[in-house]
Amino acid sequence: MKRERKKVFVSLIALSMLAVGCSSNGGDNAQPSSSAGPTTATTASTSPKNKNVKIVTVYNAAAETFKSGMEINNNPIFALHQQKSGYNPTFELLPKDDSKQKISLILASGDVPDWLPIGSKEDFYKLARQGAFMPLDDLIKKAPNYQKLLSKEELDVGRVDGKLYAFPYPNTTSLAKGLLLRTDLLTELNLKQPTTLDEYYQVFKTIKEKKGMIPFTFAAGGPEDIDTSLGSIAGAFGVSSRTVVKNGKLEFAYTQPEYKEFLTFMKKLYDEGLVDREFAVTKISNVKDKIIGGQAASADIAWWEAKTIADTLATRIPTAKTQYTTLPVGASGKSGIIQEAVTNRFSTIPKGAKNPEGMVEFLNYFSSPEALKLQDYGIEGTDYKVENGKVNQTVEQSTAIGWRILYQIMDTKENFQNRLAAKGFVPYYEPLTKNTQIKEETFYAPSIDAYDKKLTDLTTFKNENVVKFIMGARNLNEFDTFVKEFNSRGGTAAIDAMNEWYTKK
């Protein structure tokens, strides 16, 4: 045992040094303390009367919106959660930046919380295998409400080598983005709403000629920007996801002939000035700004940004109207956009937690209809009214208690829809649900070292070459050479390792 603890402590020092030098991007990475072990947890399991639970949760900007005299552990909604659960929770937010470093310090301190979210699948698997977290297969039996809300496939993403080490936080948004278009320009130019790729091309061409605007803007300034801001067009060629299924096996979408067709189309748009000429240095945040500023006519936009765009345009350009349009359909009839990951948070109970059983019972309360309704609407009579059996809440009332999201350790699609309606987002989210969702099989896979460790490098190499191909710095006649280079850099080994899992699934 001492030898194992010494090994973990040495690993901790190395990881903490790495965390200091890396930006977090919202992910979490940490290493267990040498003092963290089963002794404290075993003691806690014999003390079920302990009603104190310490919860670390992810940062949200809503934390800055508390009214004077309120804070995360002192407000009416928090007090009602206390009363109804019978537990005394203490919430602590991870920092906005450097959350990986913070989690490293938490686990190294030996004074660990009862609940700790890990944002990266790779980090979660690494830490679980190093013994940082408690196994949960027995504890989860104390949370039947939670178990009812997840499918087996969703719950299994919290398993490492067959054992459950995390309570996955389900992603309640199946799709995040769609193609948002200035439809007032269609009316002005007497154009019908496009549906096929050819029709989009003609619309882009007319907007360029008649209005002098950027018909379509996208970004390549960040690691994931190309994939997330070109999904609608890539989907018309069947390559909006990372991988595709061919002959019963997974293949990287980037190495397929269809991806070359996609790049050929994008180069045509670029050469004719129908897409943003500055895309190589544009970031996702700039995409929204270019539509708001009247520079661009369309882009792949997230539903929560679509409302901001519409509201801002209403004050800046009163005649402007935006709408999610049908995703372009390619010549072969393909269309669609990649689904969101099944989870973006792995909620763990670290080894050494003082009250694991109490924490799971608190999770069970938070997964109850009563707690979820409180999370959706706040306090009846104060934050909303019930009229004719239906909740009546204004957008202003919902916004005033937006900080309640800080307590969201469990969610459901139904409750997500409730909050959408309360905040006025339904007109912006609902159109996305009509789009074809492309399932990314690797989102459901366990952490596979040969794949996970190469994915960032492979994506970076792919992105660099996509920019070159579109701008003409590299001839598309070299696409087959690019595929060979991609595969030799670890692409073949990575996808082969992933297929070891997929073909046995």
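These numbers were taken from a predicted model, which means no experiment stands behind them. Numbering of residues starts from 1 in each chain and follows the order in which that chain's sequence is written. Whole-chain, interface and lining totals are the exception, using all residues; otherwise, since this is a predicted model, local features are given only for residues with pLDDT of at least 70 and side-chain atom pairs are given and counted only at 80 or more. To obtain the side-chain values, all non-hydrogen atoms of the structure were included, while hydrogens and water were left out.

**Considering the overall build of the protein chain**
And step 1. Put simply, DSSP H or I for four residues or longer makes a helix, DSSP E for two residues or longer makes a strand, and each gets a number counted from the N terminus. Assigned secondary structure in the protein chain consists of 21 helices and 16 strands.
And step 2. Over its C-alpha trace the protein chain gives a radius of gyration of 25 Å, about what one expects of a compact globule, namely 23 Å for 505 residues.
And step 3. Along the first, second and third principal axes, the C-alpha set of the protein chain runs to 75 × 60 × 40 Å.
And step 4. Scored against the burial criterion, the 505 residues of the protein chain give a buried share of 52%.
And step 5. Long-range contacts, defined here as pairs at least 24 residues apart, represent 77% of the contacts in the protein chain between residues at least 6 apart.
And step 6. Surface accessibility follows the Shrake-Rupley procedure with a 1.4 Å probe radius. Residue values consider only the protein chains on display as shielding. When the accessible area of the protein chain is evaluated, it comes to approximately 22800 Å², of which 50% is carbon and sulfur surface.
And step 7. Put simply, the protein chain has 64 plus and 59 minus side-chain charges, and the middle of one group is 2 Å from the middle of the other. Restricting the calculation to C-alpha atoms gives the radius of gyration, and the globule rule supplies 2.2 Å times the number of residues raised to the power 0.38. In this scheme, a residue with accessible area under 20% of its type's maximum is buried, one over 50% is exposed, and one in between is partly exposed, where area comes from a 1.4 Å probe on protein chains only. The contact criterion used is simple: two residues touch if any of their non-hydrogen atoms lie within 4.5 Å. In summary, the charge assignment counts Lys and Arg as positive and Asp and Glu as negative, without counting His or the chain termini. The atoms used to mark charge sites are NZ of Lys, CZ of Arg, CG of Asp and CD of Glu.

**Details of the packing of helix α12 (residues 257-271) against helix α20 (residues 449-471)**
And step 1. Note on geometry: axes are C-alpha line fits, over the in-contact stretch for helices, and angles between N-to-C directions span 0 to 180 degrees. Axis separation between α12 and α20 bottoms out at 8 Å; the angle between their running directions is 50°. As far as their axial angle goes, α20 and α12 are oblique. The residues of α20 that touch α12, namely those facing Tyr 259, Leu 263, Met 266, Lys 267 and Tyr 270, are Lys 462, Val 466, Phe 469, Ile 470 and Met 471.
And step 2. Side-chain classes follow a simple rule in which Ala, Val, Leu, Ile, Met, Phe, Trp, Tyr, Cys and Pro form the nonpolar group, Asp, Glu, Lys and Arg form the charged group, and the remainder, Gly included, forms the polar group. Taken together, the residues of the contact of α12 with α20 sort by class into eight nonpolar, no polar and two charged. In this scheme, roughly parallel covers angles under 35 degrees and roughly antiparallel covers those over 145, while 65 to 115 is roughly perpendicular and the rest are oblique.

**Brief notes about the packing of aromatic side chains**
And step 1. Between the rings of Phe, Tyr and Trp (Trp by its six-membered ring), a pair exists once the centres lie within 6.5 Å; its type follows the angle of the planes, with under 30 degrees stacked, over 60 edge-to-face, and the other angles tilted. Enumeration according to the criterion identifies 38 aromatic pairs in this entry.
And step 2. With a centroid separation of 6.0 Å and 20° between ring planes, the pair formed by Phe 124 and Phe 133 is classed as stacked.
And step 3. A residue is classified by how much of its surface remains accessible, and Phe 133, at 0% relative accessible area, is buried.
And step 4. Between Trp 303 and Phe 425, the aromatic rings sit 5.4 Å apart at their centres with planes inclined by 85°, giving edge-to-face as the arrangement. With Trp 303 in helix α14 (residues 303-316) and Phe 425 in the loop between α18 (413-423) and α19 (426-429), this residue pair connects regions lying 122 residues apart in the sequence.
And step 5. Members of the aromatic cluster, joined through ring pairs, are Phe 237, Phe 252, Tyr 254, Tyr 259, Phe 262, Phe 265, Tyr 451, Phe 461, Phe 469, Phe 479, Phe 482 and Phe 486.
And step 6. Here, over-ring charges are defined by two tests on the NZ atom of lysine or the CZ atom of arginine: distance to the ring centre within 6 Å, and angle to the ring normal within 35 degrees. Lying over the aromatic face of Tyr 270, Arg 277 brings its terminal NZ or CZ to 4.1 Å of the ring centre.
And step 7. The residue whose ring lies beneath Lys 307 is Phe 425, and the NZ or CZ to ring-centre distance is 5.9 Å.

**Some thoughts on the environment of Ser 241**
And step 1. Examined against the element boundaries, Ser 241 turns out to sit in the loop between α11 (231-235) and β8 (243-246).
And step 2. Along the sequence, Ser 241 and Tyr 254 sit 13 residues apart, while their C-alpha atoms lie 9.1 Å from each other.
And step 3. Setting aside its immediate chain neighbours within four residues, Ser 241 contacts Ala 253, Ile 338, Ile 438 and Glu 440.
And step 4. Within polar-contact distance, the side chain of Ser 241 engages the backbone oxygen of Thr 243 at 2.8 Å. Any pair of N or O atoms that falls within 3.5 Å is considered a polar contact. Within protein, one atom must be able to donate a hydrogen and the other to accept it, and sequence-neighbouring residues count only if both atoms are side-chain atoms.

**Focus on the pairing of strand β2 (residues 88-93)**
And step 1. At least two bridges found by DSSP between two strands are what make those strands a pair. The sheet contact formed by strand β1 (residues 52-57) and β2 spans six bridges and is parallel. Following the sheet pairing, Ile 55 is matched in β2 by Phe 91.
And step 2. Handedness of the β-α-β unit built from β1, helix α3 (residues 76-85) and β2 comes out right-handed. With the strands pointing away from the viewer, any crossover whose connection runs clockwise from the first strand over the helix to the second is right-handed.

**Focus on the sheet that holds strand β11 (residues 322-324)**
And step 1. Within the open sheet, the three strands sit side by side as β10-β7-β11. Their pairing is antiparallel. Looking at which strands have only one partner, the edges of the open sheet turn out to be β10 (298-302) and β11. Here the strands of the sheet are splayed against their neighbours by 40° on average, with no regard to which way each runs.
And step 2. Examined bridge by bridge, strand β7 (residues 177-182) and β11 share three bridges and lie antiparallel to one another. In the sheet register, Leu 180 faces β11, and the bridge partner there is Tyr 324.
And step 3. The sheet contacts of α14 involve β7, β10 and β11, and relative to β10 the element is tilted by about 125°.

**Here we look at α14**
And step 1. Here, expected helix span is obtained from the residue count minus one, scaled by 1.5 Å. When the terminal C-alpha atoms of α14 are compared, their 20 Å separation across 14 residues agrees well with the 20 Å that a helix rising 1.5 Å per residue should span.
And step 2. Within the span of α14, buried status applies to Trp 303, Glu 305, Ala 306, Lys 307, Ile 309 and Leu 313.
And step 3. Among the structural elements, β7, α13 (284-292), β10, β11, α18 and α19 are those in contact with the buried residues of α14.

**A look at the sheet that holds strand β6 (residues 167-170)**
And step 1. Within the open sheet, the three strands sit side by side as β3-β13-β6. Their pairing is antiparallel. The open sheet terminates on both sides in strands that have one partner only, identified here as β3 (116-118) and β6. Here the average twist between neighbouring strands, direction ignored, is 35°.
And step 2. Sheet analysis places β6 next to strand β13 (residues 343-348), joined by three bridges and oriented antiparallel. Following the sheet pairing, Phe 167 is matched in β13 by Ser 347.

**A word on the packing of α13 against α14**
And step 1. Contact pair α13 / α14: the axes reach a minimum separation of 9 Å and the direction vectors enclose 30°. When the axes of α13 and α14 are compared, the pair comes out roughly parallel. Handedness of the α13/α14 crossing: right-handed. Residue-level contacts link Lys 288, Ile 291 and Ile 292 of α13 to Glu 305, Ile 309, Thr 312, Leu 313 and Arg 316 of α14.
And step 2. Split by residue class, the contact of α13 with α14 holds four nonpolar, one polar and three charged. Handedness of a crossing follows from how the near helix is turned relative to the far one, being left-handed for an anticlockwise turn of less than a right angle and right-handed for a clockwise one.

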